[in-house]
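Coordinate inspection notes
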Amino acid sequence: EPEVTQTPSHQVTQMGQEVILRCVPISNHLYFYWYRQILGQKVEFLVSFYNNEISEKSEIFDDQFSVERPDGSNFTLKIRSTKLEDSAMYFCASSESRLAGVDNEQFFGPGTRLTVL
Amino acid sequence: DAKTTQPTSMDCAEGRAANLPCNHSTISGNEYVYWYRQIHSQGPQYIIHGLKNNETNEMASLIITEDRKSSTLILPHATLRDTAVYYCIVRVRMDSSYKLIFGSGTRLLVRP
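We now turn to the structure provided with this report.

Topic: the overall build of chain A
The number of helices and strands found in chain A is zero helices and 11 strands. Secondary structure elements in chain A, listed N-terminal to C-terminal, are β-β-β-β-β-β-β-β-β-β-β. Here chain A has a C-alpha radius of gyration of 14 Å; the compact-globule value for 117 residues is 13 Å, and the two agree. Seen through its principal axes, chain A has C-alpha atoms that stretch 40 × 30 × 30 Å. Relative to its 117 residues, chain A shows a buried fraction of 46%. Pairs at least 24 apart in sequence give 55% of the contacts found in chain A among residues at least 6 apart. The averaged location of the 16 negative side-chain charges in chain A is 5 Å from the averaged location of its 10 positive side-chain charges.

A closer look at the pattern of salt bridges
If you walk through the whole model with that rule in mind, you get five salt bridges over all chains. Between Arg-36 of chain A and Glu-44 of chain A there is a salt bridge whose closest N-O contact spans 3.2 Å. Take Arg-36 of chain A: its relative accessible area is 10%, and that puts it in the buried class. In this structure, Arg-37 of chain B engages Asp-82 of chain B in a salt bridge whose closest nitrogen and oxygen atoms are separated by 2.8 Å. Taken together, the residues span a long stretch of sequence, with Arg-37 of chain B in strand β3 (residues 31-38) and Asp-82 of chain B in the loop between β7 (70-75) and β8 (84-92) at a distance of 45 residues.

Structural notes on the packing of aromatic side chains
Given two aromatic rings, their pairing is described by the distance between the two centres and the angle made by the two planes. On inspection of all chains with the given rule, the structure shows 15 aromatic pairs over all chains. Ring geometry for Tyr-31 of chain A and Tyr-50 of chain A: centres 4.3 Å apart, planes at 10 degrees, overall stacked. Taken as a pair, Tyr-31 of chain A in strand β4 (residues 31-37) and Tyr-50 of chain A in strand β5 (residues 43-50) lie far apart in primary sequence, 19 residues in all. With a centroid separation of 5.4 Å and 40 degrees between ring planes, the pair formed by Phe-32 of chain A and Phe-75 of chain A is classed as tilted. Taken together, the residues Phe-32 of chain A in strand β4 and Phe-75 of chain A in strand β8 (residues 75-79) connect sequence positions 43 residues apart. For Phe-32 of chain A, a relative accessible area of 4% corresponds to the buried category. The rings of Tyr-35, Phe-45 and Phe-108 of chain A together with Tyr-32, Tyr-34, Tyr-36, Tyr-46, Tyr-87 and Phe-102 of chain B are connected pair by pair, giving a single aromatic cluster.

Quick look at the side chain of Gln-37 of chain A
You can see Gln-37 of chain A is positioned in strand β4. Within the local environment of Gln-37 of chain A, its side chain forms a polar contact with the backbone oxygen of Gln-41 of chain A, the two atoms lying 3.0 Å apart. Among the polar contacts made by the side chain of Gln-37 of chain A, one reaches the side chain of Gln-38 of chain B at a distance of 2.7 Å. If we ignore the near neighbours within four places in the chain, the residues touching Gln-37 of chain A are Lys-42, Val-43, Ala-88, Met-89 and Phe-91 of chain A together with Gln-38 and Tyr-87 of chain B.

Let's talk about the environment of Val-85 of chain B
Residues and elements named next belong to chain B. By the secondary structure assignment, Val-85 is in strand β8. Here Val-85 falls in the buried class, since its relative accessible area comes to 8%. Along the chain, Val-85 and Gln-38 lie 47 residues apart, while their C-alpha atoms are 5.2 Å from each other. Residues within four places of Val-85 in sequence aside, it is in contact with Tyr-36, Arg-37, Gln-38, Ser-104, Gly-105, Thr-106 and Arg-107.

As for the pairing of β7 of chain B
All names here are of chain B. Pairing between strand β2 (residues 18-23) and β7: six bridges, direction antiparallel. Across the sheet, Asn-19 pairs through a bridge with Ile-74, a residue of β7. Where strand β6 (residues 61-64) lies against β7, four bridges are found, and the strand directions are antiparallel. Along β7, the bridge assignment pairs Ile-63 with Thr-72. The hairpin formed by β6 and β7 contains five residues between the paired strands, and Arg-68 there has a positive phi angle of roughly 65 degrees.

Remarks on the sheet that holds strand β7 (residues 65-68) of chain A
Residue and element names in this part refer to chain A. Strands sit in the order β1-β3-β8-β7 across an open sheet of four strands; the sheet is antiparallel. A strand with exactly one partner marks an edge of an open sheet, and here the two such strands are β1 (5-7) and β7. Strand-to-strand twist in this sheet, taken as the mean axis angle between neighbours without regard to direction, amounts to 20 degrees. One ladder, built from three bridges, connects β1 with strand β3 (residues 19-24); its direction is antiparallel. Across the sheet, residue Thr-7 finds its bridge partner in β3, namely Arg-22.

Conventions and cut-offs
Residues numbered from 1 in each chain as written. Chains lettered and ligands numbered in written order. Predicted model: local features only at pLDDT ≥ 70, side-chain atom pairs only at ≥ 80, totals over all residues. Heavy atoms only, no water. Helix = DSSP H or I, 4+ residues; strand = E, 2+ residues; numbered from the N terminus. Rg over C-alpha atoms; globule rule 2.2 N^0.38 Å. Buried < 20%, exposed > 50% of the residue type's maximum accessible area, 1.4 Å probe, protein only. Contact = heavy atoms within 4.5 Å. Lys, Arg positive; Asp, Glu negative; His and termini not counted. Charge placed at Lys NZ, Arg CZ, Asp CG, Glu CD. Salt bridge = Lys/Arg side-chain N within 4 Å of Asp/Glu carboxyl O. Phe/Tyr/Trp six-rings, centres within 6.5 Å; stacked < 30°, edge-to-face > 60°. Polar contact = N/O pair within 3.5 Å; in protein donor to acceptor, adjacent residues only side chain to side chain. Pairing = 2+ DSSP bridges. Axes fitted to C-alpha atoms, helices over the stretch in contact; angles between N-to-C directions.

All quantities given are derived from atomic positions and should not be read as evidence of function.
Right under this line is the structure:
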């Protein structure tokens, strides 16, 4: 069964450093997303991406964040200058469609645990 | 904010049915009810969704009341691997936004 994959599973970085989190969405999916979950808190939406541009972003997704689909398979989240409060699980998701009720279930990857020291 | 209300936690015995309720009293006619679950710290997993009719798939059944103000997710024969946090989410059809808004969910514990 096709699945979303993410690398690395755990990333440790120093505050102020840049990190790139990588995702490989399901191959025929067209919509891509990043969510994050700070330990013990809710899953929060960060950004959605379609047709090589951002469709929507949350207040969390400030200028320190960027997303890119550098080739036909990868989808990346970059944090330019990490802060302590960026420590969280970051989940990538993808869906085939956008319309509710029409094959648009979002499939999530296993996540990358980011630890900022 | 999430538009649903769920109990904080529930438990059931292994092999029995787990019935997880969700209130969505402000749901409108074009909104779907989705259920996801999150096992430990894994990525959320899609379970089922519905609009107004009851739905069943290989994982669960979804019962939606006639007025659509509440629904129940049924795991017919719960196993220990069903221990997870279950999220009930409403989604607007034809919405230009497709973000999922997660609430706190229901923590289901399946007892041996």
